Amino acid sequence: GYETLAICLHLVDAHPEAGLAPKPGSAERAHFYQWMAWLTNTLQAALILYFYPERWASPDHVHGATTVKARAEARAGQLLELLDQELARHGGPWLLGERFTALDPYTLMLARWTRHFGRPARELPQLGPYLQRVLARPAVQRAYVNEQIGAPPV
């Protein structure tokens, strides 16, 4: 959870020439921080509940983990809808609008975690095409090869 945020912020600050975050002190940078924190603390947190429901269920409750997992999937689905609405609201190709940032591969990673959901991220009207744009980037393609991640679907 929290280490992803720290790693992303360190990388964008250590390599400003890569342009993966707006300029520090700008309104766009504040928006970047907002989404980075939301991805970590809200969407990723819900997905962790989905993947590790037994951490949150009483061992003596027979259906506890199943219930937690189902609720986590439902909550993550609501959060994916919010992402979809944000993309529709601004109409740009990337999460911040016209600018590709570190938010975009992070969103791709989290969206990939939903690939076995009843309604995965790729099926939402704005998220689906957005995820395809992120996947089409050469660096993302190289990462998939280097990490031996199977071909999409995300």
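The coordinates are above.
Residues numbered from 1 in each chain as written. Predicted model: local features only at pLDDT ≥ 70, side-chain atom pairs only at ≥ 80, totals over all residues. Heavy atoms only, no water.

Participant: Explanation requested: the environment of Tyr 50 in the structure shown.
Facilitator: Its location among the elements puts Tyr 50 in helix α2 (residues 27-51). Assessed through its relative accessible area of 9%, Tyr 50 is described here as buried. Along the backbone, Tyr 50 and Arg 133 are 83 residues apart, and their C-alpha atoms lie at a distance of 26 Å. With near-sequence residues (within four places) excluded, Tyr 50 lies in contact with Lys 69, Ala 72, Glu 73, His 116 and Phe 117. (Helix = DSSP H or I, 4+ residues; strand = E, 2+ residues; numbered from the N terminus. Buried < 20%, exposed > 50% of the residue type's maximum accessible area, 1.4 Å probe, protein only. Contact = heavy atoms within 4.5 Å.)

Participant: For this particular structure, what's the right way to read the packing of aromatic side chains?
Facilitator: The geometry of an aromatic ring pair is captured by the separation of the ring centres together with the interplanar angle, meaning the angle of the planes. For the coordinates displayed, the defined rule picks out six aromatic pairs. Between Trp 94 and Phe 100, the ring centres sit 5.0 Å apart and the planes meet at 85°, which makes this aromatic pair edge-to-face. Side by side, Trp 94 and Phe 100 carry an identical accessibility label, which is buried. Feature note: the residues Tyr 50, Phe 51, Trp 113 and Phe 117 constitute an aromatic cluster, connected by ring pairs. Just above the ring of Phe 100 sits the side chain of Arg 137; from NZ or CZ to the centre is 3.5 Å. (Phe/Tyr/Trp six-rings, centres within 6.5 Å; stacked < 30°, edge-to-face > 60°. Lys NZ or Arg CZ within 6 Å of the ring centre and 35° of its normal.)

Participant: Which parts of the structure should I look at to understand the packing of helix α5 (residues 127-136) against helix α6 (residues 138-146)?
Facilitator: The description of two helices packed together rests on the angle between their axes and the distance between the axes. For the pair α5 and α6, the least separation of the axes is 5 Å and the interaxial angle reads 75°. Judged by the inter-axis angle, α5 sits roughly perpendicular to α6. Listed contacts from α6 to Val 134, Leu 135 and Ala 136 of α5 are Pro 138, Val 140, Gln 141 and Tyr 144. Here the residues of the contact of α5 with α6 are counted per class, giving six nonpolar, one polar and no charged. (Axes fitted to C-alpha atoms, helices over the stretch in contact; angles between N-to-C directions. Parallel < 35°, antiparallel > 145°, perpendicular 65-115°, else oblique. Nonpolar A, V, L, I, M, F, W, Y, C, P; charged D, E, K, R; others polar.)

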